[in-house]
Amino acid sequence: MPETSQHAQNPREGMMATLSKEQIGRVLAKQGILIAFAIFLVAFTIANPKFLSVDNVFSVVRSSAILGVMALGVTFVVISGNLDLSVGSMMSFSTIVVLDLHDTLGPLLAIPAMFAMTMALGALIGFLVGYLRLNSLIVTLGMLSAIHGLTLTYSGGQNMDIADKEGTWFGVFGQGSALGIPVPILIFALLAALLGLVLGKTPFGRKIYAVGGNGTAATFSGIRRARTVFSCYLISSACVATAGLMQASRSLGSQNTVGQGLELEVLAAVILGGASLMGGSGTIFKTVIGVLILGFIQNGLLLLGLQFYVQFVVTWVIIILAVWLDIAAKRGKLWSPIA
Amino acid sequence: MSDPVLRLENIVKTFPGVRALDGVSFSVMPGEVHALMGENGAGKSTLMKVLGGIHQPDSGHIYMGNHKAVMAGPLEAKAKGIVFIHQELSLAEELSVAENIYLGELPRKSFGRVDWPRLAANANAILKKLNVGFDAKARVGDLSIANQQMVEIARALTVDAKAVIFDEPTASLTDAEKVVLFDVIADLQREGVGIIYISHRMEEIFKITDRITVLRDGQYQGTVETANTNEEAVTQMMIGRKLDLSRNAAHHELGDVALEVRGLSCGKLFHDVSFEVRRGEVLGFYGLVGAGRTEIAETLFGLRDPSAGQILLDGREVRITSPVEAINMGISLVPEDRKGQGLVLGMNCRDNMTLPQVDDLKAGPFVAEGAEIAIFDQYRDRLDIRTPGWRQQVGNLSGGNQQKIVIGKWLSMHPNVLIVDEPTRGIDVGSKSEIHKLLRELAAQGYAVIVISSEMPEVLHVSDRIAAMYSGRIMRSFTAEEVTEDSLIQAISGLGGEQVA
């Protein structure tokens, strides 16, 4: 508004007071997660000086890499205004498939074959949500269960193991390191950089924001909405396939349920980063921050000597907190009787 | 004269950086219809929120009768007898009329059970008073918008209303429905209720109100007796200058036919529609909401499949099956619903403006942001868009500036045919006249422009020719010279006038 600058030049005392008070509220609502995270880091470092040691930081990033790669893809889906709850069971599927094909086709063919199969699932979801306009929550919740069944059918319910664990180079994606940096971290970083550019700098990325922000207006602007949503699910499934590859490579054997529950952690990381579940906002950089926050919190709880299972509860609390702050940031207040 | 039912004294309300209300005072007498006017952003909504207890004033007082009243919240305002009839209805569509009327206060029997017979009887008593043609058991979602509004009014009558505030009540009503509404308002007047009537529509204001209070930029501009003033004077109070609404036909040479439509039909929406638009002229489509005007525009833009007929661009027949194709063929549509269809409100100004051409603005694989900013700057200057910069979220702009962003977005595509649906809906008087001027300039520059509007002064002001639509058909076409208000109204009401292609 044009009046804004005029009033800012000769502010009245009373106005200054309300200004700063409301600004504090807004900053709290907007940056609340980062502030809470900073407090958390300081508190945990005081409680356990090992927490911020180089070794521990490296191990946190490394153990977050698989989740992180999946979160990169889900960021695309969430910004386009949809959900993807199938990524956990899809990751189990990729892991089992690539381990099985490793012994039948050999690693060189197993990897592209697994990518093709996983991305076919992504294409199916993209078709249902993008072109048929079905609700993404229903579609991907159903796919969560359907893909789980598919995985069990494929494996016959058995754990999958590579026969000759010593004689394969397949472990490089999960266990190797290059230039002194573990390969999982490299994959996560490179993929984050690549997808960050795609989302933030290309026309395709711009269209995703438009479709998620206001799909009708995007259509009225000549954007092919269905194709855009379809592409987001394809990217998400490619990320899941990458994560499955990393998982399989790390352990060279796997249960059918290796990715179970990851869909919620992934979603938590994306929301923690500040992407809105309504679509249209969020960035790859913010998602990486969200992944790290989640990783550090889970690691910190373990260092405190809490049971591993506590993290499931904590993850839920974090999701609720993040969603609350997201809404609060929009209305500029932590609580309001009207939406 | 008796005491006012409601008196506002020196109300001040500031938001960070903005003085939304700066010393507003006026009073409403019993049985008076008091118009509250002002451009968008003048402070009307803020004032109503103060009255309704949603905002607390920084200073100033509200008096009801002779007592100072503090509205701590919406419930308290209602308890004190202040009732709002909102422009956007707030009804539960799946519930019955009676349940909606008494929502939150359903009559009870023992154990908290709802007393259905009493509920129906009470509701029907109120409906009878309003003289409406539906039953208390009807499902609200099945009623017309006008009848839904009657339900809101019925709800207002369940409390002992001292002051009733109507916010743009006629926005979606037909003329016949307006008559019913005005009757209800007259009844309220006779009962001594004070009425605040907010509207942009001058005819109504001069028909039913007793006094007019005008706000501009949060400042009280004065209160005048309706009988002692005229539209021009009130407009001047609202915008601080005079508004030009003269006829405005082209004085330049017209070019070739840019778009021709022959016998176009689309199911039940419109039928056998034929017209042509030349470069350099504005073709106005006038008619009631639902007459099929918007549907024609959407068909030309590839959003609907025609069931019959031809579309010719520059004399060549084309098939348009998607907005992408329409855009590639040089058709641009500024849609009627600015916020729902025109803009991504969470995006910044620049990104909104370049959205249709983002695929073409590339530097390598990336969006050429420099070129985007250049386009934004060009149209910001040309259309006088007031925004702190391209980074500003479009949702934070005023309605007029938002509409200019949408127009800039489509002008920057250099269209052969520019379709503008409701160019000035919901924007203030000042921006309105700027947009009218712009539409005339575009025609003078050789654009073929189609303007769809529900406002007769607007159509008369900007069009070279006018197609009057009724129930999916073009009833008559007029040139700017021959059209009269009467003949136009007859044509869009389906009265008289044979169909002319």
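### Structural notes on the overall build of chain B
Next, step 1: Of the regular secondary structure elements, chain B holds 17 helices and 22 strands.
Next, step 2: For chain B, whose C-alpha radius of gyration is 25 Å, the value lies close to the compact-globule estimate of 23 Å for 501 residues.
Next, step 3: Along the first, second and third principal axes, the C-alpha set of chain B runs to 70 × 50 × 50 Å.
Next, step 4: Within chain B, contacts between residues separated by at least 24 positions form 65% of all contacts whose residues are at least 6 apart in sequence.
Next, step 5: Total accessible area on chain B is roughly 21600 Å²; 48% of this is exposed by carbon and sulfur atoms.
Next, step 6: Seen as two clouds, the 52 positive and the 67 negative side-chain charges of chain B have centres 5 Å apart.

### Observations concerning a nonpolar patch on the surface
Next, step 1: Side chains of Phe127, Tyr131, Leu132 and Leu134 of chain A sit close together on the surface and give an oily, nonpolar patch of about 370 Å² of accessible area.
Next, step 2: One can find Leu134 of chain A in the loop between helix H5 (107-131) and helix H6 (136-155).

### Quick notes on the pairing of strand S12 (residues 270-278) of chain B
Next, step 1: Bridge count for strand S11 (residues 257-266) of chain B against S12 of chain B is six bridges, and the pairing is antiparallel. Following the sheet pairing, Glu260 of chain B is matched in S12 of chain B by Glu276 of chain B.

### Focus on the domain arrangement of chain B
Next, step 1: Taken as a whole, chain B is organised into domain 1 (6-239), domain 2 (243-330 + 416-433 + 443-501) and domain 3 (341-414).
Next, step 2: Distance between the C-alpha centres of domain 1 of chain B and domain 3 of chain B: 37 Å.

### Some thoughts on the sheet that holds strand S16 (residues 331-334) of chain B
Residues and elements named next belong to chain B.
Next, step 1: If you trace the six strands from one edge of the open sheet to the other, you get S16-S19-S20-S13-S21-S22, paired in mixed fashion. In the strand order of this sheet, the two ends are held by S16 and strand S22 (473-479), each with one partner. This sheet shows a mean twist of 20° between the axes of neighbouring strands, independent of strand direction.
Next, step 2: Pairing geometry for strand S13 (residues 282-287) and strand S21 (residues 465-470), over five bridges, is parallel. Each bridged residue has a counterpart across the sheet, and for Tyr286 the counterpart in S21 is Ala468.
Next, step 3: Strands S16 and strand S19 (417-421) of the sheet are contacted by helix H14 (residues 399-411), whose axis makes an angle of about 175° with S16.

### What about the nonpolar core?
Next, step 1: Counting 91 residues, the largest nonpolar core has Leu72 and Phe170 of chain A as the members making the most contacts within it.
Next, step 2: For this core, the element with the most residues is helix H3 (residues 54-79) of chain A, which contributes 13 residues.
Next, step 3: Aside from chain neighbours lying at most four places away, what touches Phe170 of chain A is Val98, Leu99, His102, Pro107, Ile111, Ile162, Leu245, Ala248, Ser249 and Leu252 of chain A.
Next, step 4: Judged by nonpolar contacts, the second largest core, of 64 residues, contains Val318, Ala443, Tyr447 and Ala467 of chain B.

### A short note on a negative patch on the surface
All names here are of chain B.
Next, step 1: A surface patch of like charges, here negative, comprises Glu203, Glu231, Glu485 and Asp486.
Next, step 2: Of note, Asp486 is situated in helix H17 (residues 485-492).
Next, step 3: In this structure Asp486 comes out as exposed when scored by relative accessible area, which is 60%.

### Here we look at the sheet that holds strand S15 (residues 316-318) of chain B
Residues and elements named next belong to chain B.
Next, step 1: Taking strand neighbours across the sheet as the criterion, the four strands line up as S12-S11-S14-S15 in an open arrangement whose pairing is antiparallel. Across the chains shown, the open sheet's two edge strands, defined by having one partner strand only, are S12 and S15. Taken pair by pair, the neighbouring strands of this sheet meet at an average axis angle of 20°, ignoring direction.
Next, step 2: Across the face of the sheet, helix H9 (residues 293-300) comes into contact with S11, S12 and strand S14 (308-313) while running at roughly 70° to S12.

### So, the state of the cysteines
Here, disulfide denotes a covalent bond that connects the sulfur atoms of two cysteines.
Next, step 1: A full pass over the atoms with the stated rule returns zero disulfides over all chains.
Next, step 2: Sulfur of Cys239 of chain A: no disulfide; nearest cysteine sulfur belongs to Cys232 of chain A and is 11 Å away.

### Remarks on the interface of chain A and chain B
Interface size, as often reported, equals the accessible area lost upon joining of the parts.
Next, step 1: Tallying the contact residues gives 28 residues for chain A and 37 residues for chain B.
Next, step 2: Summing both sides of the interface, chain A and chain B together bury roughly 2700 Å²; the carbon and sulfur share of this comes to 65%.
Next, step 3: Of all residues in chain A, Pro203, Arg206 and Phe220 of chain A give up the largest surface area on contact with chain B, accounting jointly for 29% of the area buried on that side.
Next, step 4: Scanning the region where chain A abuts chain B turns up four salt bridges.

What counts as what
Residues numbered from 1 in each chain as written. Chains lettered and ligands numbered in written order. Predicted model: local features only at pLDDT ≥ 70, side-chain atom pairs only at ≥ 80, totals over all residues. Heavy atoms only, no water. Helix = DSSP H or I, 4+ residues; strand = E, 2+ residues; numbered from the N terminus. Rg over C-alpha atoms; globule rule 2.2 N^0.38 Å. Contact = heavy atoms within 4.5 Å. Areas by Shrake-Rupley, 256 points an atom, 1.4 Å probe, with all protein chains shown as cover. Lys, Arg positive; Asp, Glu negative; His and termini not counted. Charge placed at Lys NZ, Arg CZ, Asp CG, Glu CD. Patch = residues over 30% accessible without salt bridge, like charges linked within 9 Å, V, L, I, M, F, W, Y side chains within 5 Å. Salt bridge = Lys/Arg side-chain N within 4 Å of Asp/Glu carboxyl O. Pairing = 2+ DSSP bridges. Domains from an automatic or database assignment. Axes fitted to C-alpha atoms, helices over the stretch in contact; angles between N-to-C directions. Core = buried A, V, L, I, M, F, W, Y, C linked by side-chain atoms within 4.5 Å. Buried < 20%, exposed > 50% of the residue type's maximum accessible area, 1.4 Å probe, protein only. Disulfide = S-S within 2.5 Å. Buried area = accessible area lost by both parts, 1.4 Å probe.

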